[in-house]
Amino acid sequence: MTSPVLAGARVLLGVSGGIAAYKAADLVRRLREAGAEVRVVLTESAARFVTALTFQALSGQPVRSSLWDEAAEAAMGHIELARWADEILVAPASADVLARLAHGQANDLLTTVVLASTAPLSVAPAMNHQMWTHAATRANVETLRARGVRVFGPASGAQACGETGEGRLLEPLDLIAELAAARGPRPLAGLRVLVSAGPTFEDIDPVRFIGNRSSGRMGFAIAEAAVAFGAEVELVAGPVALPTPTGVRRRDVRSAREMREAVLTAVPSSDIFVSAAAVGDYRPAEPSALKLKKTGASRALELVQNPDILAEVGRLAPRPLLVGFAAETDDLELHARDKLERKGLDLIAANRVGENLGFECAENALLLLWPGGREELAQADKRVLARALLQRVAARYRETRGATP
Ligand code: CTP
């Protein structure tokens, strides 16, 4: 399907070595279907996984993989390619190519073209999950992000090596959606978005607490996507072990009451509040200053209710556009619609928990409900879902508050 923001785009697709290189063939087809012109550069290791001929047939253009191609380089082919491109997408981007790009190396055709080009660069990492989480790769990715390079994915799931984890190449259509979003209009430009994310911890004594299984990933993905959509973003994060997305202002909190303080402080200067945190509904009535000792008998813990932060913001006037989450095990739509109305929300994102979705995983599926409307977002990587959710949030903002400033 033709995409308005990709039609006519000149996309240089860099394919690096890795088993996911085969998916790049389908990506070429899909990019062309979206209306883009595509030229492909293979790294030498990519050429061991896939053939230039495949990409030549699919792109309808000669494919290059060496700096030392005398015929092409007689006309300074690498500079011509660098000038031709108005987008460079490296997919799959191996750990090695990320390292070389991060360090500005120019030791093969692809890295040389990237250095010589002013086109925006996007990378779609794909590698074994240990390689992806290695401190060296993390540092390289941070360096690239800090330089404005867009990082698409990776997704999580079964890997070619037989292991499971984060490091799969995003699916071709998801990559195209990411690229289109990155090039397209910035639907939240000029808006201030407040996001809460993660669990809350309620102390029982100095060593024990009541928490929940929220990983914070959905909220962090929303904060990241809101920056990409042009918003100024503040993130109030419960206790999670996630890096701060580039461009996001972050405030760390622990308990529901600390989260309430931080959210209420930020609300007056926010146009949109996305409450993605899994706020604990109860806390111990009297946390003990000293570690509780076992007594040999059973013990009861008295709990008191925490403030409902979202409902409280819903009662303010004026108030930001309110987006809530509902995690449900049963009667998803019924419970979520009830919460939408009860808390006075402009939109609710409902997800079923369990079945490897929702908490503690990289993928999710969402049912969006708003007064008079609904939209289902099929199972996908949380970062892909975050963009789709924010598209809808931006539309709700325009419907209810008029044009964006
Ligand atoms: N929330 C909040 N403060 C709380 C509890 C929840 O701000 N103390 C927000 C969450 O961030 C989420 C939404 O409210 O956006 C839904 O939370 P949930 O606890 O599922 O709603 P409840 O009305 O408490 O419903 P339930 O009866 O399922 O507990």
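Treat the numbers as computed from the prediction; the structure is a model and nothing was measured. (Residues numbered from 1 in each chain as written. Predicted model: local features only at pLDDT ≥ 70, side-chain atom pairs only at ≥ 80, totals over all residues. Heavy atoms only, no water.)

1. Brief notes about the overall build of the chain
Inference 1: Across its full length, the chain holds 15 helices and 19 strands.
Inference 2: Against the compact-globule benchmark of 22 Å for 405 residues, the chain has a radius of gyration of 24 Å, which places it among compact chains.
Inference 3: Based on the C-alpha atoms only, the size of the chain along its principal axes is roughly 80 × 55 × 35 Å.
Inference 4: Across the chain, 47 positive and 47 negative side-chain charges occur, with their mean positions spaced 2 Å apart. (Helix = DSSP H or I, 4+ residues; strand = E, 2+ residues; numbered from the N terminus. Rg over C-alpha atoms; globule rule 2.2 N^0.38 Å. Lys, Arg positive; Asp, Glu negative; His and termini not counted. Charge placed at Lys NZ, Arg CZ, Asp CG, Glu CD.)

2. What to know about the domain arrangement of the chain
Inference 1: When cut into domains, the chain gives domain 1 (10–183) and domain 2 (192–288 + 296–401).
Inference 2: Here the C-alpha centroids of domain 1 and domain 2 sit 34 Å apart.
Inference 3: Contacts between domain 1 and domain 2 engage 11 residues on the former and 9 residues on the latter.
Inference 4: Contact between domain 1 and domain 2 buries roughly 930 Å² in total, counting both sides, with carbon and sulfur atoms accounting for 43%. (Domains from an automatic or database assignment. Contact = heavy atoms within 4.5 Å. Buried area = accessible area lost by both parts, 1.4 Å probe.)

3. A short note on the pairing of strand S3 (residues 87–93)
Inference 1: The element S3 is extensively covered by neighbouring structure, given that 7 of its 7 residues are classed as buried.
Inference 2: Neither face of S3 is left uncovered, since the one carrying Glu87, Leu89, Ala91 and Ala93 and the one carrying Ile88, Val90 and Pro92 both have all their residues buried.
Inference 3: For S3 and strand S4 (residues 121–125), the ladder comprises 4 bridges, and the chain directions are parallel. Counted as the bridge partner of Val90 is Val123 from S4. (Buried < 20%, exposed > 50% of the residue type's maximum accessible area, 1.4 Å probe, protein only. Pairing = 2+ DSSP bridges.)

4. So, the sheet that holds S4
Inference 1: Pairing is parallel in the open sheet, where 5 strands are placed in the order S2-S1-S3-S4-S5. Taken across any chain shown, the strands that pair with only one partner, and hence form the sheet edges, are strand S2 (37–42) and strand S5 (150–151).
Inference 2: The pairing of strand S1 (residues 10–15) with S2 spans 6 bridges and is classified as parallel. Note on S2: the bridge partner recorded for Leu13 is Val40.

5. A look at the site of the ligand
Inference 1: Contacts to the ligand come from 13 residues, most closely from Ser275, Ala277, Leu310, Phe325 and Lys339.
Inference 2: Contact distances for the ligand include 2.9 Å between a nitrogen atom and a backbone N or O atom of Pro307.
Inference 3: Between an oxygen atom of the ligand and a main-chain N or O atom of Phe325, the distance comes to 2.8 Å.
Inference 4: Alone, the ligand offers 580 Å² of accessible surface; in the complex the protein occludes 77% of this.
Inference 5: Looking at the shell around the ligand, the elements that each hand over two or more residues are helix H13 (309–314), strand S16 (321–328) and helix H14 (332–342).
Inference 6: Partitioned by chemical class, the residues of the shell around the ligand number 6 nonpolar, 2 polar and 5 charged. (Near = heavy atom within 4 Å. Polar contact = N/O pair within 3.5 Å; in protein donor to acceptor, adjacent residues only side chain to side chain. Areas by Shrake-Rupley, 256 points an atom, 1.4 Å probe, with all protein chains shown as cover. Nonpolar A, V, L, I, M, F, W, Y, C, P; charged D, E, K, R; others polar.)

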